[in-house]
Amino acid sequence: MTKILMVCLGNICRSPLAEGILRDKLSTEEFTIDSAGTGDYHIGDLPDQRSINVAKKYGVDITNQRGRQFSVTDFDVFDLIYVMDNSNFKNVVKLARNENDIAKVKLILNEVYPNQNYDVPDPYHDSDQGFENVFKMLDEATDVIQQKVTKI
Ligand code: 4NP
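Residues numbered from 1 in each chain as written. Predicted model: local features only at pLDDT ≥ 70, side-chain atom pairs only at ≥ 80, totals over all residues. Heavy atoms only, no water.

Caption draft 1: Quick look at the pairing of strand β1 (residues 2-8). Of all seven residues in β1, five are buried; the element is thus mostly enclosed. The handedness of the β1 to strand β2 (residues 31-37) crossover, carried by helix α1 (residues 14-23), is right-handed. Alignment of β1 against strand β3 (residues 80-83), held across four bridges, turns out to be parallel. Counterpart to L5 in the pairing with β3 is I81. (Buried < 20%, exposed > 50% of the residue type's maximum accessible area, 1.4 Å probe, protein only. Helix = DSSP H or I, 4+ residues; strand = E, 2+ residues; numbered from the N terminus. Right-handed = clockwise from strand over helix to strand, strands pointing away. Pairing = 2+ DSSP bridges.)

Caption draft 2: Focus on helix α6 (residues 128-149). Under the 1.5 Å per step criterion, the end-to-end length of α6 is 31 Å for 22 residues, consistent within 8% with the ideal 32 Å. Taken as a whole, α6 has its buried residues at G130, F131, E132, V134, F135, L138, A141, T142, I145 and V149. Close packing links the buried residues of α6 with β1, α1, β2, α2 (49-57) and β3. (Expected span 1.5 Å × (residues − 1). Contact = heavy atoms within 4.5 Å.)

Caption draft 3: Structural context of the pattern of salt bridges. Under the counting rule described, the total for this entry stands at 13 salt bridges. Across the pair D85 and R14 runs a salt bridge whose closest N-O atoms are separated by 2.9 Å. Here the residue D85 occupies a position in the loop between β3 and α4 (86-94), and R14 occupies one in helix α1, the gap between them amounting to 71 residues. In terms of burial, D85 and R14 fall into one category: buried. One salt bridge connects D101 with R97, and the closest N-O pair in it is separated by 2.8 Å. A relative accessible area of 3% means that D101 is categorised as buried. Here R97 falls in the partly exposed class, since its relative accessible area comes to 44%. Shared partners join several salt bridges into a network, and the residues in it are R14, D85 and D122. (Salt bridge = Lys/Arg side-chain N within 4 Å of Asp/Glu carboxyl O.)

Caption draft 4: Geometry of α2. For α2, the full list of buried residues reads S51, I52, V54 and A55. Capping of α2 at its N-terminal end is provided by D48; its side-chain oxygen lies 2.8 Å from the backbone amide nitrogen of R50. Following α2 by one or two positions, G59 has its phi on the positive side, about 85°. (Polar contact = N/O pair within 3.5 Å; in protein donor to acceptor, adjacent residues only side chain to side chain.)

Encoded structure:
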């Protein structure tokens, strides 16, 4: 079983989309996909309605998800930790206990644009178009992730 965690700030906009999109591309028998936020603002909350809507538009149901906060024990559970932006990267790496933990943390758009360190922009204060753009970015990134992890 390969375990992959998607991380953003609130765990209501970007990482629930990343989780839902990737889950639909992989076998549930071989992969566990989860998401978390570095912040504690939305623990127990449903994803943002705009994320739910754009996911539904493309056939992905994310309404089973609830917000939770990233915890240091996630380094023990997950093989790969994909963060949405550079701020998430800093916040997660701050909690790392050793080089092994740090090596698990990757910026998700580096899968599409290697070494460019691009952010998936936080769409929280954006329009519906922002959520549409985020969906497309994550759909591309998860295509690459799917190809990589199914080759391991
Ligand atoms: P996310 O977006 O990190 O993509 O889930 C955010 C959602 C909520 C907040 C920040 C970012 N917030 O500050 O409540």
